[in-house]
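The lines below spell out each chain.
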Amino acid sequence: MATTPCGLSLVVLRNVPLFSGLDDVELEKLSKVSGRKRVERGASVVRAGDSTDSLYILLSGRAKVTNTDEDGREIILAWLGPSEFFGEMGLIDGSPRSANVVAAEPCELLFLSKESLQRCLQDNFQVTQKLMKTLVLRLREADRKIESLALLDVYGRVARLLLDMSEVVDGRRIIKKKMSKQDMAKMIGASREMVSKVMRDLELSGYIRIENDLTVIPGA
């Protein structure tokens, strides 16, 4: 894991949605107390139980948020892409890291120390609002996942995951992000074999269609 010296350009910071409302003066202050970090695929960015000392924002690459169940099996809690951030909860309540974050591909990250983030939140209410909105969205998403695990069978959980992963492009709902059956299973609490069976059934029934490595959801 390589860390570059602190200090980021205003262009980089201005392109981070969390800081998009700041003027150049505030961005300049932030650039002096922030840094950039590069991690290779498979490397841990943070580990559950570690003390929380920084907020991380993905500039490029993808990462997965994971934990383990009672039997030591990996559970994927979420996927993170460019402009998404993590590590904010421990900075707010002082608790240790609650999950692991692992680079699923080479990643470049921006990081802010606890003191720098707190100063930024105190001085810029718009950043505080965006942080609060993201926390609320994550709580709602967690509620939906708990509901899915409690009320839906594996078919329903796979269908909901596919819809959550999809986006509308040129009037069609497609899934661009590639995810292995094993990773899908880890997200919905099922076996890889069962996920593969459900995907085959959905394709045979016409609910999904595979086109050039893209999954298309007709009529969604």
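- The protein chain is annotated in an unreviewed UniProt entry as Cyclic nucleotide-binding:Bacterial regulatory protein, Crp from Dechloromonas aromatica.

### Some thoughts on the sheet that holds strand E13 (residues 214-216)
Next up, step 1: Spatial ordering of the open sheet is given by E10-E11-E13-E12, a layout of four strands whose pairing is antiparallel. Of all strands in the sheet, those bounded by a partner on one side alone are strand E10 (167-169) and strand E12 (209-211). Neighbour-to-neighbour, the strand axes of this sheet turn through a mean angle of 45°, independent of strand direction.
Next up, step 2: The pairing of E10 with strand E11 (residues 172-175) spans three bridges and is antiparallel. Counted as the bridge partner of Val 169 is Arg 172 from E11.

### Description of the pattern of salt bridges
Next up, step 1: Under the counting rule described, the total for this entry stands at 18 salt bridges.
Next up, step 2: The closest approach of N and O atoms between Arg 160 and Glu 147, which form a salt bridge, is 3.8 Å. With Arg 160 in helix H6 (residues 154-165) and Glu 147 in helix H5 (residues 125-151), the pair connects residues that are 13 residues apart, well separated along the chain.
Next up, step 3: Take Arg 160: its relative accessible area is 25%, and that puts it in the partly exposed class.
Next up, step 4: Residue Lys 178 is joined to Asp 213 by a salt bridge in which the shortest nitrogen-to-oxygen separation is 3.9 Å. In this pair, Lys 178 sits in the loop between E11 and helix H7 (181-188) while Asp 213 sits in the loop between E12 and E13, placing the two residues 35 residues apart along the sequence. In this pair, the class of Lys 178 matches that of Asp 213, namely exposed.

### A word on the domain arrangement of the protein chain
Next up, step 1: Partitioning the protein chain into domains gives domain 1 (10-150) and domain 2 (153-216).
Next up, step 2: Counting residues at the interface gives 11 residues for domain 1 and 10 residues for domain 2.
Next up, step 3: For the pair domain 1 and domain 2, the two sides together bury roughly 980 Å², of which 47% comes from carbon and sulfur.
Next up, step 4: The salt bridge partner of Glu 74 is Lys 186, with a shortest N-O separation of 2.7 Å.
Next up, step 5: On inspection of domain 1 and its partner domain 2, the count reaches four residue pairs in polar contact (both at pLDDT 80 or more).
Next up, step 6: Broken down by secondary-structure element, the contributors of at least two residues to the side of domain 1 that touches domain 2 are strand E6 (74-80) and H5.
Next up, step 7: The element best represented in the side of domain 1 that touches domain 2 is H5, accounting for five residues.
Next up, step 8: Grouping the amino acids of the side of domain 1 that touches domain 2 by side-chain chemistry returns four nonpolar, one polar and six charged.

### Some thoughts on helix H4 (residues 114-123)
Next up, step 1: Buried residues of H4: Ser 116, Leu 117, Cys 120 and Leu 121, and no others. Viewed along the axis of H4, the buried residues span an arc of 130°, placing them on a single side of the element. Every exposed residue of H4 that faces more than 90 degrees away from the buried side is listed here: Glu 115 and Gln 122.
Next up, step 2: As for H4, its buried residues are in contact with helix H2 (24-33), strand E4 (54-60), helix H3 (88-93), strand E9 (107-113) and H5.

What counts and what doesn't
Residues numbered from 1 in each chain as written. Predicted model: local features only at pLDDT ≥ 70, side-chain atom pairs only at ≥ 80, totals over all residues. Heavy atoms only, no water. Pairing = 2+ DSSP bridges. Helix = DSSP H or I, 4+ residues; strand = E, 2+ residues; numbered from the N terminus. Axes fitted to C-alpha atoms, helices over the stretch in contact; angles between N-to-C directions. Salt bridge = Lys/Arg side-chain N within 4 Å of Asp/Glu carboxyl O. Buried < 20%, exposed > 50% of the residue type's maximum accessible area, 1.4 Å probe, protein only. Domains from an automatic or database assignment. Contact = heavy atoms within 4.5 Å. Buried area = accessible area lost by both parts, 1.4 Å probe. Polar contact = N/O pair within 3.5 Å; in protein donor to acceptor, adjacent residues only side chain to side chain. Nonpolar A, V, L, I, M, F, W, Y, C, P; charged D, E, K, R; others polar. Arc of directions from axis to C-beta.

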